[in-house]
Each structure stands twice: as C-alpha cells, then as structure tokens.
Amino acid sequence: MSYSIDFRRKVISTREEEGLSIRETAKQFRVGPASVSRWINQIESKASTTRQRKIDKSELIKDVEQYPDAYQKERAERFGVCQKAIWQALKKLGLTYKKNSMSSESRRKRPASISTKNTTV
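Since the model is a prediction, treat every value here as computed from it, not as a measurement.

Caption draft 1: Region of the structure containing the packing of aromatic side chains. Scanning the entire structure with this criterion turns up four aromatic pairs. Through successive ring pairs, a cluster of aromatic residues spans Y3, F7, F29 and W39. Taking NZ or CZ as reference, R78 lies 4.2 Å from the ring centre of Y67, over its face.

Caption draft 2: The arrangement of the pattern of salt bridges in detail. Scanning all chains against the criterion turns up three salt bridges. The closest approach of N and O atoms between E59 and K62, which form a salt bridge, is 3.9 Å. Of the two residues, E59 and K62 are both situated in helix α4 (residues 57–66); the distance of three residues between them amounts to about one turn of the helix. Overall, the relative accessible area of 37% leaves E59 in the partly exposed class. Since its relative accessible area comes to 48%, K62 is described here as partly exposed. Between D63 and R78 there is a salt bridge, with its nearest N and O atoms 2.9 Å apart. Of this pair, D63 sits in helix α4 while R78 sits in helix α5 (residues 72–79); the two residues are 15 residues apart in sequence, bridging distant segments of the chain. D63 gets classed as buried once you look at its relative accessible area, which sits at 7%.

Cut-offs applied
Residues numbered from 1 in each chain as written. Predicted model: local features only at pLDDT ≥ 70, side-chain atom pairs only at ≥ 80, totals over all residues. Heavy atoms only, no water. Phe/Tyr/Trp six-rings, centres within 6.5 Å; stacked < 30°, edge-to-face > 60°. Lys NZ or Arg CZ within 6 Å of the ring centre and 35° of its normal. Salt bridge = Lys/Arg side-chain N within 4 Å of Asp/Glu carboxyl O. Helix = DSSP H or I, 4+ residues; strand = E, 2+ residues; numbered from the N terminus. Buried < 20%, exposed > 50% of the residue type's maximum accessible area, 1.4 Å probe, protein only.

Dropping the structure here:
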C-alpha cells in the first residue's frame, strides 16, 4: 500500500525546512530511507499501463487454421516474434497439436515389464 501524496509532500517539506538528512527524515516519519529518496526525485507515483502485445490472438488462430502443420519457429517468423512467444500464446489459447495420433505406449514393439527388484511385500 502506498503513502498518500499529502504525506509525501509533508515529508519532503519537513526535510527541506529542518535541513535533515534522508536517514534522519526517514527515522522521524518511520518510513524507509529508500522511500524518502524516491519521493525527492518523483513525488507522484507512476501510472501503470497495460503491456502492448505483439501477437494478435485472432490472427494467430487464423494462422493455425491456415497452416496446421507449421512449426512454432515458422509462425514466429511470420509474426516477427521469438518462438517462445508463439508457444506462450498457443498455450494461453489452449491450442495444441500432436503429429502422431497414436500414443507412445501403443507403438511399443515389445511389451513393457515391471521390475520387481527391491520391493517389499
């Protein structure tokens, strides 16, 4: 939770009027010296903004429909981003693609065996 602008102004004005150091001011008002130092440089807090995304989700869905067998690297080149960005966007959309429809267990040539070494009954 941040301090109010009025409190910040009071801390700075008291520091200037009494000629206190940053540490003395922080101790007097029971705040951290880093906060006082930050308030000297900028009393107003910065407004937060939402991050601009490079990948348009609707365009990505169209790309997946148009090129279903494309690798993530190829998609990344088309969108001008890195492969990890494509992976994250596909994961967020819940889009997955497996080239082999059979599971790895059904493709085994020999039956699986369970080892009974070091087991207690």
